[in-house]
Amino acid sequence: MGLIEYRQHKADCQRKQSERASKIANLPATYQYPLSPSERTILGKPIQDLVQDVQNHVTSPVDILRAYGKVAIKAQEKTNCVTEILFPEAEEWAEKEINLKGPLAGIPVSLKDSLQVKGFDISVGYSRNVGKPYKEDGSMVKILKDAGAVPFVKTNLPTTLLSFESTNDVWGQCTNPHNNKYSPGGSTGGESALLAFGGSRIGIGSDVAGSVRAPAHFSGCYSIRCSTGRWPKMGMNTSMSGQEAIPSVFSPMARTLNDLTYFTRSFIQMQPWKYDYTCHPLAWREEIEEEYKEKKKLRIGIMRTDRVVDPSPACARALDETAKALAAEGHEVFDVEPPSPYEALRLASHLLLSDGGNTFMSHFRTGEWNDLGAAQMVRYMRLPRFIKYIHYLYVRYIKGDEIWAGLIRHWSPKSAYEYWQLAGQREAYKNNFFTWWSETAKMDVMLTPPNATPAVPHGGMHDAVSSCGYTFLFNLLDYSAGIIPVTHVDPVKDALPSNFNFKKLNGVAQGAYKHYDAQKMAGLPVAVQVVGRRLEEEKVLAIMERVEDALDKHGGRYQLLEVD
């Protein structure tokens, strides 16, 4: 049975990759020509201008689609970011199904592979899911088409959806467009690679521990993690169906901040609660957006460290440059220390894998490759409890590492009773954080690093799997959090100090810093994270604009990769 299953796994992977290669090779000749001057003009326009051009019959949706399709193919050649190619179908949708009076008329949109599009599989990187095309669009795609958008590619991810890498046997390894030795992030890494390369302006991913934010930080694009209920949830596939302790949320990503804001606003104005029962009937609140665009003096708290893994020099520099730019603009900028982010990491990690990893492991076939970080978590989870207890005692009392010991203590599948206890602790933590923000910090938003380091090298999640606290914290809280790229790694400015002592780091920090090398990472993007509270997308996006304006005036805007 194992050998037969393995052979079927290899055959299914080969079939999907051959289908993709064949579809690319047999695209109409218009997709093979070099970019024309008019197509370059299209690629340089923000989406609201393209919408106006479509609605005024200046530009056709097919022309826009073909321009981005050409660049998407180049991005695929360089980074392996694309899974399903939808171009021929998309041209047909643009002519027959798309609402060209909608707020996204004619805009190509790329989708994480996990989203449901009629006529196509949702493999999620597992070979057992291939050859099972869906008969209709999911709610997300229905909204997009009604808004006038044109889904045109699906993008790469990791099998488990629990990694800041994006590799699987079905589609292969996705690479960072800045440096092919590094990950583009995960689990929405194909999106970030495509957007950063310029092969799309708008993408949709999902986020359970940082999966639209880490990729934006690693690859150099923009994203916002929306709160639950603001975006549709149905019409997708996942590795952990039924996991609601730390809900995964679909959220937008974009090549520019202007596009991210316009798209988010337009999408919510489509009233997604009429398509998906999980959405709150909460309209876009223009008055909040305008309030924070115009507020003269913002109160901005800076969380410089989560006290689990101090940010690397590159990430600390990006945060410091942003804080100084905001202070120079007259905003009130001050350091804050929130209630134990470490406690949030402990709770979130135990809740997310309360089933012992059994759900996402159930999708694997014999011999199928697993993400190295996810595999390590499950391997430790399945050790006999007495061995884990001895290891805990060693880490806690011999090595003196309270941080790592606290995370691995009770790292086992949870009973219903244990799960309920953790859920109660989660709610108490959320209440404590809410009170701290309201009564102590009293800030409009908080700025943090998105991750302790820039992008990890391929395979790096084997060591850095636990270093996700800067994003995971806000999944536990269900807060709105956006990513703005700020700078690139500088081999001199961002080098570790000569007295840096790796051996004194806790186990989580050692995993993160094992792969930090400013020389090798030179040129990789570095971002900051702008955090509001729950359902504060309007505020967060408005303040992200203020942050980017401040960076423009004091040090310069982040330079996107140019489209070849």
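Rules behind the numbers
- Residues numbered from 1 in each chain as written.
- Predicted model: local features only at pLDDT ≥ 70, side-chain atom pairs only at ≥ 80, totals over all residues.
- Heavy atoms only, no water.
- UniProt positions renumbered as here; feature names shortened; annotations may be inferred.
- Helix = DSSP H or I, 4+ residues; strand = E, 2+ residues; numbered from the N terminus.
- Buried < 20%, exposed > 50% of the residue type's maximum accessible area, 1.4 Å probe, protein only.
- Contact = heavy atoms within 4.5 Å.
- Areas by Shrake-Rupley, 256 points an atom, 1.4 Å probe, with all protein chains shown as cover.
- Lys, Arg positive; Asp, Glu negative; His and termini not counted.
- Charge placed at Lys NZ, Arg CZ, Asp CG, Glu CD.
- Core = buried A, V, L, I, M, F, W, Y, C linked by side-chain atoms within 4.5 Å.
- 1 Å grid on protein atoms, 1.4 Å probe; cavity = no way out; pocket = protein on both sides within 12 Å on 5 of 7 lines; lining within 4 Å.
- Points joined across faces, edges and corners; volume = space filled by probe spheres on them.
- Nonpolar A, V, L, I, M, F, W, Y, C, P; charged D, E, K, R; others polar.
- Axes fitted to C-alpha atoms, helices over the stretch in contact; angles between N-to-C directions.
- Parallel < 35°, antiparallel > 145°, perpendicular 65-115°, else oblique.
- Salt bridge = Lys/Arg side-chain N within 4 Å of Asp/Glu carboxyl O.
- Patch = residues over 30% accessible without salt bridge, like charges linked within 9 Å, V, L, I, M, F, W, Y side chains within 5 Å.

- For the protein chain, the name recorded in an unreviewed UniProt entry is amidase, with Paraphoma chrysanthemicola as its organism.
- Under the UniProt heading Catalytic activity (unreviewed entry), the entry covering the protein chain gives this text: "a monocarboxylic acid amide + H2O = a monocarboxylate + NH4(+)".

**Observations regarding the overall build of the protein chain**
Then, in step 1: When its secondary structure is counted, the protein chain shows 22 helices and 13 strands.
Then, in step 2: With respect to the three principal axes, the spread of C-alpha positions in the protein chain is 70 × 70 × 45 Å.
Then, in step 3: Expressed as a percentage of its 564 residues, the buried residues of the protein chain come to 61%.
Then, in step 4: Look at the contacts in the protein chain between residues 6 or more apart in sequence, and 81% of them connect residues 24 or more apart.
Then, in step 5: Entry remark: accessible area of the protein chain is about 21,400 Å², with carbon and sulfur atoms responsible for 51%.
Then, in step 6: Side chains of the protein chain give 65 positive and 64 negative charges; the mean places of these two sets differ by 4 Å.

**Some details on the nonpolar core**
Then, in step 1: Core analysis: the biggest nonpolar cluster contains 165 residues, and I204, F263 and M446 have the highest contact counts within it.
Then, in step 2: The biggest single contributor to this core is helix α4 (residues 61-79), with 9 residues.
Then, in step 3: In contact with F263, not counting residues within four places along its chain, are I47, L104, V109, L144, I202, I204, W231 and P252.
Then, in step 4: Among the nonpolar cores identified, the runner-up in size contains 7 residues, and V212, C221, M253 and A527 belong to it.

**Thoughts on the layout of surface pockets**
Then, in step 1: By volume, the largest pocket is sized at about 480 Å³.
Then, in step 2: In terms of lining residues, the largest pocket is bounded by 25 residues, among which S349, M377, W411, V465 and S466 are the most central.
Then, in step 3: Secondary structure elements with two or more residues in the lining of the largest pocket: α12 (341-352), α14 (372-381) and α16 (402-408).
Then, in step 4: Of the residues belonging to the lining of the largest pocket, the class tally is 18 nonpolar, 7 polar and no charged.

**Side note on the packing of α12 against helix α19 (residues 469-477)**
When two helices pack together, their arrangement is given by the angle between the helix axes and the distance between those axes.
Then, in step 1: One can describe the packing of α12 onto α19 by two numbers: an axis separation of 9 Å at closest approach and a directional angle of 70°. When the axis of α12 is compared with that of α19, the two are roughly perpendicular. In contact with P341, A344, L345, L347, A348, S349, L351 and L352 of α12, α19 contributes G469, F472, L473 and L476.
Then, in step 2: Residue composition of the contact of α12 with α19, by class: 10 nonpolar, 2 polar and no charged.

**Structural notes on the pattern of salt bridges**
Then, in step 1: For the structure shown, the criterion picks out 43 salt bridges.
Then, in step 2: The salt bridge involving E92 is made with K96; its shortest N-O contact spans 3.7 Å. One end of the pair, E92, and the other, K96, are both in helix α5 (residues 87-96), 4 residues apart, so they sit about a helical turn from each other.
Then, in step 3: Among the ionic pairs, E427 bridges to R426, the shortest N-O distance being 2.8 Å.
Then, in step 4: Here the salt bridges do not stand alone but share partners, grouping D12, R15, K16, E19, E84, D121 and R365 into one network.

**Looking at a nonpolar patch on the surface**
Then, in step 1: On the surface, L383, F386, I387 and I390 cluster together into a nonpolar patch covering about 380 Å² of accessible area.
Then, in step 2: Among the structural elements, F386 can be located in helix α15 (residues 385-398).
Then, in step 3: Note on F386: relative accessible area 56%, which makes it exposed.

**Describing the UniProt feature "active site" (unreviewed entry) in the protein chain**
Then, in step 1: UniProt's feature table lists "active site" (unreviewed entry) at K112, S187 and S211, given in the numbering used throughout. Despite a sequence span of 100 residues, these residues sit close together in the fold, their greatest C-alpha distance being 10.9 Å. Lining residues of the largest pocket, restricted to the annotated ones just named, are S211.
Then, in step 2: Assignment of secondary structure puts K112 in strand β2 (residues 108-112).
Then, in step 3: Here K112 falls in the buried class, since its relative accessible area comes to 0%.
Then, in step 4: Ignoring anything within four residues of it in the chain, the contact list for K112 reads K154, T155, L157, L161, S187, T188, E191, I204, G205, S206 and S211.
Then, in step 5: Positionally, S187 belongs in the loop between β5 (172-173) and α7 (189-197).
Then, in step 6: S187 sits in the buried class, given a relative accessible area of 1%.

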